[in-house]
Amino acid sequence: MLTNIFETFESNVRSYSRSYPVVFQKAKGSILYTDNGKEYIDFLMGAGALNYGHNNEYIKRSLLDYMQGDYIMQGLDMFTVAKSEFITAFNQHLLEPKSLHYKFQFCGPTGTNAIEAALKLARTYTKRSNVVAFMGAYHGLSLGSLALTSNQYHRQVAGVGLNNVTFIPFEQNGPEGFDSLAYFEMMLEDSHSGIEKPAAVILETVQAEGGINVASAEWLAALYAICKRHDVLFICDDIQIGCGRSGEFFSFERAGITPDIVVLSKSLSGYGLPMSMLLIRPDLDIWKPGEHNGTFRGYQLAFVGGKAALEFREAEGLDAAVQRKASYVTRFLEDEIAALDDRIEVRGLGLMQGIDLSRFRDPLMAKKIAQDCFKRQLIVECVGREDKVLKLLPALTIEDDVLERALEILRDACLQHIGQKALS
Ligand SMILES: Cc1ncc(COP(=O)(O)O)c(C=O)c1O
């Protein structure tokens, strides 16, 4: 199929189709198929919305049964069986075994909707307007979340001031030797810091769009302790690294902390259906009825898919599988890709891994390799400052042989552009 219908009629704002200019039609597991049957291995997975693979059979069966049965589709926020079953399953599979106690707030369908709700709640609860976010953060592009997103490319089109946010460097991204946690605490304690005490700190424990920057468990625990000492809410944006991608359902578990608010979306529905949700520390739930409202807050099919996804995770032992595959990927990246050249840095957590090519003189190195991967039928995205990091986001269910094939493609594309200096 020709692509000119999109080029002619779809707004210039379209983005991913520029990197992958083919027409996709079908998908199964980790493979995307174009309209003429060409196969691509998907290392993007709907930007993290498809952790369980394309058209996951188990989840699909639940969705088809639901539709076949003429069960309710719209729901506003009325009581429905599908919602009740999702809440029950989430409690049974996740919260109770992890001794977590949260209330659920179902938000508008996408991640940014839930970020807006979290911000509004934190500000209303604390009666403070400032929020601390991190340089390199991506929390969405509606006005409140855009104010927390650091990339100037996105910020410059806000059209209004993006205020009430103080940015500090993420763990490894400050100037050499800079301790952003010490700076943060100074900000809170020094009566001359000039910075309003924040309602909350918000962060991704692994910055995804920011370039796969992994916060260490120790740093997260120390940041959490500062928040507790100073009565600042801790909001974990688990939209991309959550839902099992880190090797555990929640990405903060490794730090032994309990965020006041957790934001989930993307793979929550299990099938790529839009859904977003806040987990709220129960005493923070000071909303009055309908104060934060909307038509699509809890899409029934997403509840059905979300419940099935939790059952699937458990039946498959997915956390253990992710941890096993992650060690394979890490080893491959270190032995076969980082070994190609000293300027390559690889880093990540679980099945979110990055290849940082920012130390090459060619600013387009990552983009060229991603384009080359596409020619070799692997879909991979560039993220980070000036898009210099390749982001690997395979399905958590990816088969070992497909994973191996994808990594070999990546290595071959790197070899093509970087050469084999260090190996020779
Ligand atoms: C960590 C994080 N937060 C928020 C968002 C925004 O979600 P959405 O694009 O669904 O609005 C994203 C999207 O990529 C994300 O990765």
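Residues numbered from 1 in each chain as written. Predicted model: local features only at pLDDT ≥ 70, side-chain atom pairs only at ≥ 80, totals over all residues. Heavy atoms only, no water.

Participant: Outline the overall build of the protein chain, supporting the account with residue identities and numerical values.
Facilitator: In terms of helices and strands, the protein chain carries 14 helices and 17 strands. The globule rule puts the C-alpha radius of gyration for 424 residues at 22 Å, and the 21 Å found for the protein chain is close to it. Counting only residues that meet the buried cut, the protein chain has 54% of its 424 residues in that class. Across the protein chain, contacts joining residues at least 24 apart in sequence account for 72% of those joining residues at least 6 apart. (Helix = DSSP H or I, 4+ residues; strand = E, 2+ residues; numbered from the N terminus. Rg over C-alpha atoms; globule rule 2.2 N^0.38 Å. Buried < 20%, exposed > 50% of the residue type's maximum accessible area, 1.4 Å probe, protein only. Contact = heavy atoms within 4.5 Å.)

Participant: I'd love a proper account of the site of the ligand, names of residues and values included.
Facilitator: Neighbouring residues of the ligand: Thr110, Gly111, Thr112, Tyr138, His139, Gly140, Glu204, Asp237, Ile239, Gln240 and Lys266. Within the backbone of Tyr138, a nitrogen or oxygen atom sits 3.3 Å from a nitrogen atom of the ligand. Look at the ligand: alone it shows 390 Å² of surface, and the protein chains cover 84% of it. A class-by-class count of the residues in the shell around the ligand yields 2 nonpolar, 6 polar and 3 charged. (Near = heavy atom within 4 Å. Polar contact = N/O pair within 3.5 Å; in protein donor to acceptor, adjacent residues only side chain to side chain. Areas by Shrake-Rupley, 256 points an atom, 1.4 Å probe, with all protein chains shown as cover. Nonpolar A, V, L, I, M, F, W, Y, C, P; charged D, E, K, R; others polar.)

Participant: Which residues make up the layout of surface pockets, and what are the values?
Facilitator: As a volume, the second largest pocket reaches approximately 520 Å³. Lining the second largest pocket are 19 residues, and of these Asp77, Phe104, Gln105, Phe106 and Arg297 lie nearest its centre. Elements with a contribution of two residues or more to the lining of the second largest pocket: helix H5 (81–95) and strand S4 (103–106). A total of 4 residues in the lining of the second largest pocket trace back to one element, the largest contributor, which is S4. (1 Å grid on protein atoms, 1.4 Å probe; cavity = no way out; pocket = protein on both sides within 12 Å on 5 of 7 lines; lining within 4 Å. Points joined across faces, edges and corners; volume = space filled by probe spheres on them.)

Participant: Can you tell me about unusual backbone geometry, naming the residues and giving the values?
Facilitator: A positive phi angle is found at Ile212, which is not glycine, with a value near 55 degrees. With respect to the element layout, Ile212 can be found in the loop between strand S8 (206–207) and strand S9 (213–214). On the basis of relative accessibility, which here comes to 0%, the residue Ile212 falls in the buried class. A positive phi is found at Gln377, a non-glycine position, where the angle reads about 75 degrees. Along the polypeptide, Gln377 turns up in the loop between helix H13 (365–375) and strand S15 (378–379). The exposure class assigned to Gln377 is partly exposed, which follows from its relative accessible area of 29%.

Participant: How would you sum up the pattern of salt bridges? Please name residues and give values.
Facilitator: For the structure on display, the rule yields 24 salt bridges. Two residues, Arg324 and Asp400, come together in a salt bridge whose shortest N-O distance is 3.3 Å. Taken together, the positions of Arg324 in helix H12 (residues 318–337) and Asp400 in helix H14 (residues 400–418) put the pair 76 residues apart, joining distant regions of the chain. (Salt bridge = Lys/Arg side-chain N within 4 Å of Asp/Glu carboxyl O.)

Participant: Before we move on, could you go through the side chain of Thr205 and cite the residues and values that matter?
Facilitator: By secondary structure assignment, the location of Thr205 is in the loop between strand S7 (200–203) and S8. What makes Thr205 buried here is its relative accessible area of 1%. Looking at Thr205, its side chain comes within polar contact range of the side chain of Ser251, at 2.7 Å.

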